[in-house]
Amino acid sequence: MATWKEETQNLAGSDLVMIRGGSGKPLLVIHDELGYTGWMSWNEELAKDRELIIPLQPGFGKSPRQDWMWRHRDLANYYLNVIRELGLEKPDVLAFSAGAYTAAEMAAANPELLGSITLVGPMGIKPDEGEIFDIFAATIKTCLRKTVFNQEAKEFSEIYGGEMSAEQFELFEDARAESARLGWEPYMFNPSLPDLLRSAKNTKLPTLLIRGSEDEVVPQDCIRKYHDALPQADIVTIKGTGHRPEIEDSAEFVAAVKHFLA
Amino acid sequence: MQIAHFTERPVRYLAEEPVLENRAFFGVSNKYYDREKAADDYNFYLDEACFCEEVGFDAVALNEHHGNPFCSGSVVNIEAAILARITSKAKIVIIGNMLPGVKHPLRVAEELATIDTISRGRLVAGWVRGAGSEQFFNNANPAYNREMFNEAHSFIMDCWTKDGPWRYEGKHFHYRHVNPWVKPYQEMPQQWIPGVLSAETVMWCAEKQYPYLGLGTALGPTCDLWDMYADKSAELGYQAGSENFGYLLPIFCADTDEKAQDIGRGFIFGGGQNAFSRPEHTLPPGYNSKSAIRMLGQQPGGSWLGVSKEKLMAGADDSWDASAYDSLRAKLVAGYDKAQDNMQTVVGSPETCAQKIKDILSVIRPGVFTCFAVQGNVSDKDRLRSVELLGKEVLPEVRKFADEIGLFGPFDRTPGSVKLAPGTKRAPVCDREALAKLNLP
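Residues numbered from 1 in each chain as written. Chains lettered and ligands numbered in written order. Predicted model: local features only at pLDDT ≥ 70, side-chain atom pairs only at ≥ 80, totals over all residues.

Q: When you look at helix 14 (residues 325–341) of chain B in this model, what are you seeing that I'm missing?
A: An α-helix turns once every 3.6 residues. As a result, residues three or four positions apart point the same way. Residue and element names in this part refer to chain B. Taking 1.5 Å as the rise per residue, helix 14 with 17 residues should run 24 Å; its terminal C-alpha atoms sit 24 Å apart, in good agreement. By the burial criterion, the buried members of helix 14 are L332, Y336 and A339. Burial along helix 14 is one-sided: seen end-on, the buried residues are contained in an arc of 65°. Opposite its buried face, helix 14 presents the exposed residues D326, S327, A330, A334, K338 and D341, each directed more than 90 degrees away. (Helix = DSSP H or I, 4+ residues; strand = E, 2+ residues; numbered from the N terminus. Expected span 1.5 Å × (residues − 1). Buried ≥ 20, exposed ≤ 12 C-beta atoms within 10 Å, placed from the backbone. Arc of directions from axis to C-beta.)

Q: Is there a simple way to explain the interface of chain B and chain A in this structure?
A: Much of the literature gives interface size as the accessible area that the parts lose upon coming together. Contacts between the two partners involve 23 residues from chain B and, on the opposite side, 25 residues from chain A. Put simply, the parts of the chain that give the side of chain B that touches chain A at least two residues each are helix 11 (279–282), helix 12 (290–298) and helix 13 (309–313) of chain B. The element best represented in the side of chain B that touches chain A is helix 12 of chain B, accounting for 4 residues. Classifying every residue of the side of chain B that touches chain A gives 13 nonpolar, 7 polar and 3 charged. (Contact = placed C-beta atoms within 7 Å. Nonpolar A, V, L, I, M, F, W, Y, C, P; charged D, E, K, R; others polar.)

Q: What's the story with the pairing of strand 6 (residues 116–120) of chain A in this structure? I'm lost.
A: Along any regular strand the residues' side chains alternate between the sheet's two faces. Residue and element names in this part refer to chain A. Most of strand 6 sits out of view: 4 of its 5 residues are buried. Here 5 bridges tie strand 5 (residues 92–96) to strand 6, and the two strands are oriented parallel to one another. In the strand pairing of strand 6, D92 is matched with S116. The parallel pair strand 5 and strand 6, bridged by helix 3 (residues 98–109), forms a crossover whose chirality is right-handed. Relative to strand 7 (residues 207–212), strand 6 runs parallel, the two being bridged by 4 bridges. Counted as the bridge partner of V120 is I210 from strand 7. (Pairing = 2+ DSSP bridges. Right-handed = clockwise from strand over helix to strand, strands pointing away.)

Q: Before we go on, may I ask you to explain the nonpolar core in this structure?
A: Generally speaking, soluble globular proteins have nonpolar side chains that are buried together. Core analysis: the biggest nonpolar cluster contains 183 residues, and A95, A103 and A107 of chain A together with V60, I92 and V93 of chain B have the highest contact counts within it. Examining the composition of this core, we find that 8 residues originate from one element, helix 3 of chain A, more than from any other. With sequence-adjacent residues up to four places away left out, A95 of chain A is seen in contact with I30, A100, T102, A103, I117, L119 and V120 of chain A. (Core = buried A, V, L, I, M, F, W, Y, C linked by C-beta atoms within 7 Å.)

Q: Where do I start with the environment of A80 of chain B in this structure?
A: All names here are of chain B. For A80, the position within the fold is in helix 3 (residues 76–86). For A80 and I94, which are 14 residues apart along the polypeptide, the C-alpha to C-alpha distance reads 7.6 Å. Apart from residues lying up to four places away in sequence, A80 is in contact with L62, I92, I94 and I115.

Function cannot be inferred from these measures alone, as they are strictly geometric.
Laid out in structure tokens, this is it:
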């Protein structure tokens, strides 16, 4: 097992709790709208030759909420300052769902600061066809049903099985509340983002777009729109998975990411 | 004391099945909307309010909900404006304007000032955060609900007291030219705040010296809340009294107990208040405070907490099972009976209603008592008969009793006007011995 630890640093004006594990070139991981789900097998695989740095999003229960953050763009600029203050040299970024929305905003704001972006089931751009599933108007049960296609995956029950403790419930509600603060309206997209990504397009920022073939949260058209904005992007579809390909088919997911980062 | 009549103005032509199939009122498709029948209903409810005034109610109270046949009052200030003109002496109590949902406090300040002016000072303004479902309907960010509520309220107070023009740059609202050319007819309308046991709201009311109206809450927890209000007000240097408290209770009256029981089942039509909205719409993200969420999380066995993979997956197919109707209906009727046993619903003849109301007043000692009219598809005739019996037979007896036990309404004694010297022990605001004597289950 790679060693990982939780640490807190005062960065960009506030305390930030981070999970750090593995060694090698830094890989900044931005978790999704429901928070960090723990060190899974895909973390372990990627940590074999990379140092994973996973900030726990401010307001999600561990890192304190920043009242000035209104939009994913604010969070993105905060993370860019975190990169600067940590002295990371063009880190690669791997980001999920609403976290991928944040990563796209980072790329739009300052593509030169990043090595590459891998966006998994990215929210952030409004699809022409279909809608981004409204997680705020759904029970946990409905959310899970929409999110995970392959519920036989081993890690599904590790994350979602068993009783939810009072602490987990509070963290879950913290995550939903902060996600609503940033993404309630317009719902999980920024109408300016496709145009703002011009800078990342012009600098040919290496980009990988990953989507589960059965994803019911982020429509296929979001990938098309991202590709329109970032034509240099590679696209990988992982068959038989939904919105969480990293746990639904970890092997395929890790292979795709490693191939791109190689 | 002040006695008010309140109705949700239920959509009365709707069959029950669509509500049960949807497992809630919020979200029932408006494909069932009937223009002609709705026109009848909207006009009837205005006439009913006039009749309330005629038979002796001090006030008519109305509210607002959206996307919901439980309550057809979608734009409460329009109905209140009509009542301002067609009634002549009743207070018009709005419980309330949902400030975060409206998102336009300047407009609210103007609308309410217009109502107060047309009615020559009969407006009682009330403010609410809006139910969870309203945040979805109005696309109001629930995570900013409390902030928006506080800011909008503060802004409206300034609109009503500061001479314009002035500029406002807040966090959630911005106005470059505030100078409304309509002000309330009263120097400052009273503000009554309805709630369902939110401690934050109670403390806020105590700080503002606003009467807090418990919405049919169980008597024991209501006493706890009253004490919380009174402790806070003592800290702030005043003695809370009946003028600081109101209570709203489902009440239906008919000529006989039997008839009242039969018609009163309208309170559980479609699942009643418990079916107002489904859980995912009741608790949107960030709507509850962190402390409220923590409390919810720590309740053992709470339905939100008993989360396992199996439970999460169970019943994933949510399709309506019509064969379950009979057992569901039986549960609802049992709930109706239980609500009466707990005295959270009062149904009966004038004698029955008067006695139960007096028992309730003895315990929680409110200065405002509000009769919440029956829900469901109850006829004009039966609704009006209930109003008539309440007004002519029950209210006089209740008023006499209220006088005997010294209940003052907020128009009899200004809330916050009884000062309390620092260190002085406050007087009780409820009677727990009277509660014990009721032997509630």
